[in-house]
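A look at the structure
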Amino acid sequence: MIILENVSKSYSAGAPAVNNVSIHIKKGEFVFIVGDSGAGKSTLMKLMLKELEPTSGKIYINGKYLNLMKHRKIPMLRRDIGMVFQNFRLLNDRNVYDNVAFAQRVVEAPTKVIRRKVPAMLSMVGLAEKYKSYPRELSGGEQQRVALARALINNPPILLADEPTGNLDPKNSWEIMNLLDEINKRGTTVVVVTHNREIVDAMQKRVIAIQKGMVVSDERKGGYL
């Protein structure tokens, strides 16, 4: 599903941001990637999305070899990947319904499909009654739920979440993590970058720890180092 083989990424003459990393994530896994700021976690995410090219090594996502992928095929790759960010990245001039529907319109889904799928997805994340609200009218937890709905509306086999609870209070953080756990149980492969030690320790999922661009531990049911 997600394979990195001896992957390195250097930005300059200094130490590489990612240094000879090999990670294999199977279909249906739930994986935390943890480490201090500057450890290389966000660089790993960008490599998986093909926002960056590796300096060396090989990357495969959902059976596709990224190194030789032509630029015109990148949008098709990203249809297989839902992405959730710390700062939500919602469209402030559109309501909840249209924020989620936007992802469907990008892939040219028929209007009748959008009208069926968007309410169903909003219901799944507990926002069915908020479909007319705008981002500024929502709490941080509600905005992150919209972002999750948008990331999942096209049924991607992979969901990447970069600090999805970073701007949330503990209650909302747990609600989002429980949603991610439920999404994983439905078959989606989930990879979460986080600094939240309490959540990582409590959930007992696979934990990959990164330090100075290198994998220093990979525990099948671990906690935060």
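Residues numbered from 1 in each chain as written. Predicted model: local features only at pLDDT ≥ 70, side-chain atom pairs only at ≥ 80, totals over all residues. Heavy atoms only, no water.

1. A word on unusual backbone geometry
One can expect most non-glycine residues to show negative phi and most peptide bonds to be in trans. Note the threshold: Each helix is a run of H or I in the DSSP string that is no shorter than four residues. Each strand is a run of E no shorter than two, and both are numbered from the N terminus. Burial classes: relative accessible area under 20% of the type maximum marks a residue as buried, over 50% as exposed, and values in between as partly exposed (1.4 Å probe, protein chains only).
In the Ramachandran plot, Lys 50 falls in the positive-phi region, its phi being about 60° despite a non-glycine side chain. With respect to the secondary-structure elements, Lys 50 resides in the loop between helix H1 (41-48) and strand E4 (56-61). Despite not being glycine, Glu 163 shows a phi value in the positive range, around 50°. Classification of Glu 163 by relative accessible area gives buried; the value is 11%.

2. Quick word on the nonpolar core
Formally: Here, the term nonpolar core denotes a set of buried Ala, Val, Leu, Ile, Met, Phe, Trp, Tyr and Cys residues that are joined through side-chain atoms within 4.5 Å. Should any heavy atoms of two residues lie within 4.5 Å, those residues are counted as being in contact.
Of all hydrophobic cores here, the largest spans 41 residues; its most connected members are Phe 32, Leu 148 and Leu 180. If we skip the residues at most four places from it in the chain, Phe 32 touches Met 177, Val 192, Thr 194, Ile 199, Val 200, Met 203, Lys 205, Arg 206, Val 207 and Ile 208. Ranked by size, the runner-up nonpolar core spans 32 residues in total, among them Ile 2, Val 31, Leu 77 and Val 193.

3. Things to note about the pattern of salt bridges
Working definition: two side chains of opposite charge can pair if their charged atoms are close together. The criterion, for reference: Think of a salt bridge as a Lys or Arg side-chain nitrogen and an Asp or Glu carboxyl oxygen that are within 4 Å of each other.
Throughout the structure, instances matching the rule amount to 12 salt bridges. Lys 64 is the salt-bridge partner of Asp 80, the closest N and O atoms lying 2.9 Å from each other. Placement of Asp 80 in the loop between helix H2 (74-79) and strand E6 (81-85) and of Lys 64 in strand E5 (residues 64-65) is noted, with a sequence separation of 16 residues between them. Here Lys 205 makes a salt bridge to Asp 181, at a shortest N to O gap of 2.8 Å. Linking Lys 205 in the loop between helix H7 (197-203) and strand E9 (206-211) with Asp 181 in helix H6 (residues 170-185), this pair joins segments that are 24 residues apart in sequence. There is no split in this pair, since Lys 205 and Asp 181 are both buried.

4. Observations regarding the sheet that holds E4
To keep it simple, the criterion reads: Any two strands with at least two DSSP bridges between them are considered paired.
Spatial strand order, E2-E1-E4-E5: four strands in an open sheet with antiparallel pairing. A single partner strand is all that each edge strand has here, and the edge strands are strand E2 (18-25) and E5. For strand E1 (residues 2-9) and E2, the ladder comprises five bridges, and the chain directions are antiparallel. Of the residues in E2, the one forming a bridge with Lys 9 is Val 18.

5. Here's the deal with the sheet that holds strand E10 (residues 214-219)
Heads up, the condition is: Note on method: axes are straight lines fitted to C-alpha atoms, helices fitted across the in-contact stretch only, with angles between N-to-C directions ranging 0 to 180 degrees.
Strand order in the open sheet formed by six strands is E6-E7-E8-E3-E9-E10, and the pairing between neighbours is mixed. In this open sheet, the two strands that pair with only one neighbour each are E6 and E10. Pairs of neighbouring strands in the sheet enclose a mean axial angle of 15°, with direction left out of account. The pairing of E9 with E10 spans five bridges and is classified as antiparallel. If you follow Ile 208 over to E10, its bridge partner there is Asp 218. Running over the sheet, H1 touches strand E3 (30-34), E6, strand E7 (158-162), strand E8 (189-193) and E9 and is turned about 150° from E7.

6. Some thoughts on the packing of helix H3 (residues 96-106) against helix H5 (residues 140-152)
The condition that has to hold: Roughly parallel means an angle under 35 degrees; roughly antiparallel, over 145; roughly perpendicular, 65 to 115; everything else is oblique. In this scheme, a crossing is called left-handed if the near helix is turned counterclockwise away from the far one by less than a right angle; it is called right-handed if the turn is clockwise. For this classification, the nonpolar set comprises Ala, Val, Leu, Ile, Met, Phe, Trp, Tyr, Cys and Pro, the charged set comprises Asp, Glu, Lys and Arg, and every other residue, Gly included, is treated as polar.
Contact pair H3 / H5: the axes reach a minimum separation of 7 Å and the direction vectors enclose 30°. With respect to H5, the element H3 is oriented roughly parallel. Every pair of crossing elements has a handedness; the one defined by H3 and H5 is right-handed. In this structure, H3 contributes Val 96, Asn 99, Val 100 and Ala 103 to the contact, and H5 contributes Val 146, Ala 149 and Arg 150. Among the residues forming the contact of H3 with H5, the class breakdown is five nonpolar, one polar and one charged.

7. A closer look at the layout of surface pockets
Which entries qualify depends on this criterion: Cavity means a closed set of points on a 1 Å grid over the protein atoms alone, one where a 1.4 Å probe fits but cannot get out, pocket means an open set with protein on both sides within 12 Å along at least 5 of 7 lines, and lining means a residue has an atom within 4 Å of a point. Grid points are joined across faces, edges and corners, and a volume is the space filled by probe spheres set on the points.
The calculated volume of the largest pocket comes to roughly 630 Å³. Along its surface, the largest pocket is lined by 20 residues, and Arg 78, Ile 81, Met 83, Ala 103 and Arg 150 are the ones closest to its centre. For the lining of the largest pocket, the elements supplying multiple residues, two or more each, are H2, E6, H3 and H5. For the lining of the largest pocket, the element with the highest residue contribution is E6, accounting for four residues. Here the second largest pocket defines a volume of roughly 160 Å³.

8. Re H5
Condition: Expected span of a helix, by definition, is 1.5 Å for each gap between consecutive residues, and there is one gap fewer than residues.
In this model, H5 (13 residues) spans 18 Å end to end at C-alpha, consistent with the 18 Å of a helix rising 1.5 Å per residue. Burial runs high along H5: 12 of the 13 residues are buried. When we look at burial in H5, the residues that qualify are Gly 141, Glu 142, Gln 143, Gln 144, Arg 145, Val 146, Ala 147, Leu 148, Ala 149, Arg 150, Ala 151 and Leu 152. Here the buried face of H5 lies against E6, H3, helix H4 (111-124), E7 and H6.

Taken by themselves, the reported measurements are silent on function.
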